[in-house]
Amino acid sequence: MHTGRAPTRAQLTAELGVTRATAGAVAAELQSLGLITVDARPAIAAGAQGRPSHRLAVDPAGPVVLAAQVHADGFRAALVGLGGTIVATAPGCGDVDADPVRVLRQVVSAGAELLEQTGRRCVGAGLAVPSAVAEPEGLALNPLHLAWPPGAPVRSLFAQCLAEAGITGPAPGAPVTGYAANDVNLGALAEHRHGAGRGARHLLCVATGHRGVGGALVLRGRLHTGSAGLALEVGHLTVDPQGRPCHCGSRGCLDVETDPLALLDAAGRTPGPESSLLHQARELLRTAYPDDPAVRAAAHLLIDRLGLGIAGLVNILNPDRVILGGLHRELLRADEERLRAGIAEGSLWGRSGEVPVLACTLDHNSLVGAAELAWQPILDDPLTLQET
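This one's a predicted model, so the numbers in the text were calculated from it and none came from an experiment.

1. Thoughts on the pairing of strand 13 (residues 321-325)
Working step 1: By the criterion of burial, strand 13 is predominantly enclosed, with five of the five residues buried.
Working step 2: Burial along strand 13 is two-sided: the face carrying Arg321, Ile323 and Gly325 and the face carrying Val322 and Leu324 are both buried.
Working step 3: Of the pairings in the sheet, the one linking strand 10 (residues 202-208) to strand 13 comprises five bridges and is parallel in character. Across the sheet, Leu203 pairs through a bridge with Arg321, a residue of strand 13.
Working step 4: Across three bridges, strand 13 lies against strand 14 (residues 357-359) in parallel orientation.

2. A look at unusual backbone geometry
Working step 1: Of note, the bond from Glu135 into Pro136 is cis; its omega dihedral lies within 30 degrees of zero at 5°.
Working step 2: Even without glycine at this site, Arg220 takes up a positive phi of about 50°.
Working step 3: By secondary structure assignment, the location of Arg220 is in the loop between strand 11 (213-219) and strand 12 (222-223).
Working step 4: Judged by its relative accessible area of 57%, Arg220 falls in the exposed class.
Working step 5: Notably, Leu232 is not glycine yet its phi reads approximately 65°, a positive angle.
Working step 6: Looking at the element boundaries, Leu232 is found in the loop between strand 12 and helix 6 (254-257).

3. A look at the packing of aromatic side chains
Working step 1: One pass over the structure, following the stated rule, counts zero aromatic pairs.
Working step 2: Its end group placed over the ring of Tyr289, Arg296 keeps NZ or CZ at 4.7 Å from the ring centre.

4. Some points on the state of the cysteines
Working step 1: Counted by the stated rule, this structure contains zero disulfides.
Working step 2: Free of any disulfide, Cys248 has its nearest neighbouring cysteine sulfur in Cys246, separated by 3.7 Å.
Working step 3: As a non-bridged cysteine, Cys360 has Cys205 as the owner of its nearest cysteine sulfur, 4.5 Å distant.
Working step 4: In this structure Cys360 comes out as buried when scored by relative accessible area, which is 1%.

5. Some points on the sheet that holds strand 14
To summarise the sheet geometry, strands pair through backbone hydrogen bonds and adopt either a parallel or an antiparallel arrangement.
Working step 1: Within the open sheet, the five strands sit side by side as 12-11-10-13-14. Their pairing is mixed. Of all the strands in the sheet, the pair left with one neighbour each is strand 12 and strand 14.
Working step 2: In terms of strand pairing, strand 10 meets strand 11 through seven bridges, oriented antiparallel. Within the sheet, the bridge partner assigned to Thr208 lies in strand 11 and is Val213.
Working step 3: Contacts from helix 10 (residues 327-334) reach strand 10, strand 11, strand 13 and strand 14, with the element oriented near 110° to strand 13.

6. With respect to the sheet that holds strand 5 (residues 86-91)
Working step 1: Ordered in space as 5-4-3-6-9, the five strands form an open sheet in which the pairing is mixed. Both edges of this open sheet fall to strand 5 and strand 9 (178-182), since each of them pairs with a single strand only. Geometrically, the sheet is characterised by an average inter-axis angle of 20° between neighbouring strands, direction not taken into account.
Working step 2: The strands that helix 12 (residues 365-380) touches are strand 3 (64-71), strand 4 (74-80), strand 5, strand 6 (122-129) and strand 9; relative to strand 3, the one it contacts most, it runs at about 140°.

7. Some details on the nonpolar core
If you look at soluble globular proteins, the nonpolar side chains tend to sit buried side by side.
Working step 1: Core analysis: the biggest nonpolar cluster contains 39 residues, and Leu204, Val206, Val322, Leu324, Leu327 and Leu331 have the highest contact counts within it.
Working step 2: The element that contributes the greatest number of residues to this core is helix 9 (residues 293-317), accounting for nine residues.
Working step 3: Not counting residues within four places of it along the chain, the set of residues in contact with Leu324 comprises Val206, Leu306, Ile310, Arg329, Leu332, Leu339, Val357, Leu358, Ala359 and Cys360.
Working step 4: Listed in part, the 35 residues of the second largest apolar core include Ala88, Val129, Phe158 and Val176.

Rules and cut-offs
- Residues numbered from 1 in each chain as written.
- Predicted model: local features only at pLDDT ≥ 70, side-chain atom pairs only at ≥ 80, totals over all residues.
- Heavy atoms only, no water.
- Buried < 20%, exposed > 50% of the residue type's maximum accessible area, 1.4 Å probe, protein only.
- Helix = DSSP H or I, 4+ residues; strand = E, 2+ residues; numbered from the N terminus.
- Pairing = 2+ DSSP bridges.
- Phe/Tyr/Trp six-rings, centres within 6.5 Å; stacked < 30°, edge-to-face > 60°.
- Lys NZ or Arg CZ within 6 Å of the ring centre and 35° of its normal.
- Disulfide = S-S within 2.5 Å.
- Contact = heavy atoms within 4.5 Å.
- Axes fitted to C-alpha atoms, helices over the stretch in contact; angles between N-to-C directions.
- Core = buried A, V, L, I, M, F, W, Y, C linked by side-chain atoms within 4.5 Å.

Written as structure tokens, this is what we have:
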């Protein structure tokens, strides 16, 4: 139901591999929990024969989770229902304070206001941050493009702010559980369930944020995060040994060779204060790429660097699909043939170059991914929503 694979009771029966009676009982229970609606008498399509199966849908008035994202240019809070549907959203300020507690208090306050305005029941909370998040402690180890101290305990701070704001759920009066993870990891998870990654068994995601580059791997529906939550830090893959100095101490990393600032610099553009670097780089590609030789040359440079990095990752990971987000999505659209040729040139045996490379399709995939973290316990056991 959450991923759209069972819009009817007949399809739910097939997906679960159970009897029709059992599927009907499951649907009735989910309906009683306020998660789905059941239309027992759907309209009959013209020319159709027989009785149509009950229609199942996510309840549009059902519970939500609070999802939040912090990035280099601000933050955003949202309420997200089942199915990855954003119910309400509130963009935050353009400046991110050096104290993570202050930022997270603002984020949670914005979310609490949305909950009050909508009157929706909150059953969880998730946070996306532009940093590797170490497990099991929930520490943001390298928030390179924020002024936060390395190792900030973002998960516990997020939980603290949720408790201070009085946000409870899923059990009435119980403090809501807060989760936190890397933004690109969460974007990849959202795309796998609701976007360009649907159906992939080994999904590789490479994406630019507002600054820097991240990566993620989804294996058979679950994020591969490694032994301590730090897997797929692809931003620090070297694609030009003589390239730009990187924050990590190396040179020529994807992080500094293919992010929005790299495009603006290569095109000879000075970033302005009017909007985020990501927005400025996107607009430059969309408006100037066809006619401006400097912009075309800059885009080709980034595409070649990106192709080299993806080829190396594909050789190592052998995914069945690659999806690109942020500015990388725009680079793919600008010259898909050049990027595919670069991947193929660096690929082993030629097969790796044939892997499908697609643009991410969700506009706020990290937000939706943060919601996925919060929804997962409910997906695992919907009965936790029973009133106590």
